[in-house]
Every structure is written in C-alpha cells, then in structure tokens.
Amino acid sequence: MSGQFQRLADQDRQPVDLTIDGTAIQALEGDTLLTAILLHRDHLRQSEFGDGARGGFCLMGACQDCWVSAADGSRLRACTTYVVQGMSIVTAPEAGA
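Residues numbered from 1 in each chain as written. Predicted model: local features only at pLDDT ≥ 70, side-chain atom pairs only at ≥ 80, totals over all residues. Heavy atoms only, no water.

A. Here's a closer look at the pattern of salt bridges. For the structure on display, the rule yields three salt bridges. Across the pair R13 and D10 runs a salt bridge, and its minimum N-O distance is 3.0 Å. Of the residues examined, D10 reaches a relative accessible area of 46% and is grouped as partly exposed. Residues D31 and R13 are paired through a salt bridge, measuring 3.2 Å at the closest nitrogen-oxygen approach. Remark: R13 occurs in the segment before β1 (15–20) and D31 occurs in the loop between β2 (23–28) and α1 (33–40); sequence separation between them is 18 residues. Residue D31 is classed as buried on the basis of its relative accessible area, which comes to 3%. By relative accessible area, R13 is classed as partly exposed at 22%. Taken together, the salt bridges that share partners define one network made up of D10, R13 and D31. (Salt bridge = Lys/Arg side-chain N within 4 Å of Asp/Glu carboxyl O. Buried < 20%, exposed > 50% of the residue type's maximum accessible area, 1.4 Å probe, protein only. Helix = DSSP H or I, 4+ residues; strand = E, 2+ residues; numbered from the N terminus.)

B. Region of the structure containing the nonpolar core. Formed by 20 residues in total, the largest nonpolar core has its most connected members in L18, L33, L44, V68, A78, V83 and I89. Counting only elements with at least two residues in this core, the list comes to β1, β2, α1 and β5 (67–70). With five residues, the top contributor of residues to this core is α1. Discounting residues that sit within four places of it in the chain, L33 has contacts with L18, V68, L76, A78, T81, V83, M87 and I89. (Core = buried A, V, L, I, M, F, W, Y, C linked by side-chain atoms within 4.5 Å. Contact = heavy atoms within 4.5 Å.)

C. Representation of the environment of F5 within the structure. Secondary-structure assignment places F5 in the segment before β1. Along the chain, F5 and L38 lie 33 residues apart, while their C-alpha atoms are 5.4 Å from each other. Discounting chain neighbours no more than four positions away, the residues touching F5 are L34, T35, L38 and L39.

D. Summary view of the pairing of β1. The alternating pattern of β1 places V16, L18 and I20 on a buried face and P15, D17 and T19 on a face that is not buried. In this structure, β1 lies alongside β2, joined through six bridges in antiparallel fashion. Bridging from a neighbouring strand, D17 pairs with Q26 of β2. Between β1 and β2, which pair antiparallel in sequence order, lie two residues; one of them, D21, sits at a positive phi of approximately 50°. (Pairing = 2+ DSSP bridges.)

E. Examining unusual backbone geometry more closely. A positive phi angle, near 50°, is found at D21, a position not held by glycine. Here D21 lies in the loop between β1 and β2.

F. A look at the sheet that holds strand β7 (residues 88–90). An order of β2-β1-β7-β5-β6 is seen for the five strands of this open sheet, with the pairing classed as mixed. Of all strands in the sheet, those with a lone pairing partner are β2 and β6 (75–77), marking the two edges. With direction set aside, neighbouring strand axes in the sheet form an average angle of 40°. Looking at chain direction, β5 and β7 are connected through two bridges and run antiparallel. Each bridged residue has a counterpart across the sheet, and for S69 the counterpart in β7 is V90. (Axes fitted to C-alpha atoms, helices over the stretch in contact; angles between N-to-C directions.)

Okay, structure coming up:
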C-alpha cells in the first residue's frame, strides 16, 4: 500500500525499525510517528466515533486528532512523538488484539 506522504528529501538520516499494528516498517531518525505511519499508509487511524479514516489534522499537537497507543497502552500524539528504535504502536484497539 502506498502512503499518503512521500519523502522527497532529507534521506541521509539513520534508519529506525518499528512496528505499526503488527506490521514492521522503517522510518528515519528524527521522524515523528505521524510521518512514519503516513509514509507507509494512506491514513493514521480509524476514528473512534465511526466517521472513517483520520490522517491527523493540525500536525502540531493542538487538535487531538492523532492519538495512537504504545504497545503498553500508553497514549501518544503521533504528530509530536519521535520514532524510537523497536517501538510498537497500535492505532486501533482491535489492531493490537
């Protein structure tokens, strides 16, 4: 599946391996979770209110549209959280089951 984002420049940073909803992906050091996810998918998460796919909104941590969960259940804002080697992210409760 192609992503909503496409990296055009700044490709010389170190790779970072992480897992999103059980799928291994690779991002670059300094990427936010939002960037990493949208480079690989066409949406960030499904709305918990049943109104479809969400892609983030403000991209700066103000709108509350980009919440995802770490594998331990802690909530993270995808647009302000940087990727870390080996992190595991769940974008929907059923995705982690």
